[in-house]
Amino acid sequence: MAAIGRKVFDKISYHLKNGHNVKFVRNVSNPGTFKYSDLEITTTTNPQEKPTPEKLLFGHHFTDHMLHVEWSINKGWGKPHIGPLQNISLHPAAKVLHYGAELFEGMKAYKGIDEKIRLFRPMENMKRMNKTAERCALPTFDGTELVKCIKKLLSVDADWVPTTQNSSLYIRPTLIGNDPTLGVSLSHNAMLFVILGPVGSYFTTGLDPITLFADPKYVRAWPGGCGSYKMGSNYAPTVQVQAKAVEANCHQVLWLFGDDHQLTEVGTMNIFMYWTNEQGEDELITHPLDGLVLPGITRSSLIKVAEKWGEFKVTEKPYTMKQVIKALKENRIKEIFGAGTACVVCPVKEILYKGELLNIPAVGEPKLSMRFYDELTDIQLGKKESEWTELI
C-alpha cells in the first residue's frame, strides 16, 4: 500500500468499481533508458587463460568481463557498468526464480579478414528484445544505447574474439525480474546483463546434415502464447523432448503444430523447405510469423537474400507433413534446412515421423543452404560489404 499511497489506491478503486478504464503507466520522470555516456568500466586484475580454438564448445567458455545495468520501478534505469565476470546474487524469492520473469537474446561478433570486429544486424536483436520485454512486463530501453555498450564490452574483451573458421564470439544479453517478493505481479526491480563467450560450431556435427525427431504429441507453441518471444520459459519444456530425440538416434526435434502437423521450428531454429510446389514453381517456403515461431534474424536475412536473388518464389505460409510426404514421393523436395544465429544454416537429411524415417534428398551436395551459408558468412566476415554489419 505504501508504494502507491492510500489516496491513489482509493482513486483507482473508485474508477474500477464504476467500470472506468484505468491505464497504468510507470513514472515517466524516471529514466526511460540507460545511457552509453554514463557507462562505468572496471577491468579485471585476474584475466583468464583463453581456450584453444580446437577446444571451443558452445556456451562453455566466457570472457573476462560482463555488462550489467540495474532498474527499479521508482528510480528507472541506473548507470551501465562493465566489470569483471562474476556470479549474480539473488534473493531466494526473486521473481525470475519462481515465475520465469526472464528473456534473452543471441548475437555474435565476428573478426573479419581485415582483423576488424563486426556485429551482424544488432538492432534487429534489440527490437526483438524490447518486444519480449513488453510481453514479460519487464522494462524496455533504447536499443541503440545497449548496442553502444555492447560494442564497448567487445572492445574491452577484443582478444577473446576467435579467428578460426566456424568460430565467433557469442553475445548473450539477458533481462531478469529480480525483486525479492513472491506473487505473480509486475517486477519492481530488474537487471539487464550481457556476457560473452568464444564458440565453435553449435552442433557437434558441424555443417553435416542432421536427423529430426517429429512427434505431433509434443507442441512448442500455440496461438496466443509466447512462442514468438525469446523467453527462457519457452526453452525449458523442450529439453525433455530433445532427450527423447537423442534416444531415437535423432539430432534435433522438429516441432509440429495442429491437426495437420504444420512444420514450425527445428530445435531452436526456424525451418525452411526448398521444393517444386504443386504449381510447378521452385519455391522456398517457411512458416509465417503468426505467433508460433520466433522471428529469427537469420530467418529474415535468408528471406531478404532470396528475394534479392529473384531466382525462385519465396513464401511465408504454413505447410504440413502431408505436403512433405507427398512431395517426397513425387521427387519435388530439393532441400530442407534449419536456420539460426548459432549455426547460420543446418541441412536436414532425415525426419523420423510416425515411426517412419523419411529420407530428404540433396544430402552431401552443395545446395541452397550452403549458398546461403556462404552469403551470410561472407558478410559477417567482411568479405562482402553490407549495411547489415556494424564495426565496433
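Residues numbered from 1 in each chain as written. Predicted model: local features only at pLDDT ≥ 70, side-chain atom pairs only at ≥ 80, totals over all residues. Heavy atoms only, no water.

### With respect to empty space enclosed by the protein
And step 1. A full pass over the atoms with the stated rule returns 3 cavities of 30 Å³ or more.
And step 2. Of the volumes computed, that of the largest cavity is approximately 110 Å³.
And step 3. Put simply, the parts of the chain that give the lining of the largest cavity at least two residues each are strand 6 (107-111) and helix 6 (297-309).
And step 4. The element contributing the most residues to the lining of the largest cavity is strand 6, with 3 residues.
And step 5. Of the residues that constitute the lining of the largest cavity, the class distribution is 5 nonpolar, 6 polar and 1 charged.
And step 6. The calculated volume of the second largest cavity comes to roughly 70 Å³.
And step 7. In terms of lining, the second largest cavity is formed by R220, G227, N234, Y235, T238, E265, G267, T268 and L294.
And step 8. Taken together, the residues of the lining of the second largest cavity sort by class into 2 nonpolar, 5 polar and 2 charged. (1 Å grid on protein atoms, 1.4 Å probe; cavity = no way out; pocket = protein on both sides within 12 Å on 5 of 7 lines; lining within 4 Å. Points joined across faces, edges and corners; volume = space filled by probe spheres on them. Helix = DSSP H or I, 4+ residues; strand = E, 2+ residues; numbered from the N terminus. Nonpolar A, V, L, I, M, F, W, Y, C, P; charged D, E, K, R; others polar.)

### What about the environment of L196?
And step 1. Note that L196 resides in strand 9 (residues 189-199).
And step 2. Linking L196 and P53, residues 143 residues apart in sequence, is a C-alpha distance of 16 Å.
And step 3. Non-local contacts of L196, meaning those with residues more than four positions away in its chain, are made with H61, F62, T63, L153, L154, D157, L169, Y170 and I171. (Contact = heavy atoms within 4.5 Å.)

### Some details on the state of the cysteines
And step 1. Scanning the entire structure with this criterion turns up 0 disulfides.
And step 2. The thiol sulfur of C226 is not disulfide-bonded, and the nearest other cysteine sulfur, from C136, lies at 7.0 Å.
And step 3. Considering cysteine sulfurs only, C346 is the nearest to C250, which forms no disulfide, with 13 Å between them.
And step 4. We classify C250 as buried; its relative accessible area is 6%. (Disulfide = S-S within 2.5 Å. Buried < 20%, exposed > 50% of the residue type's maximum accessible area, 1.4 Å probe, protein only.)

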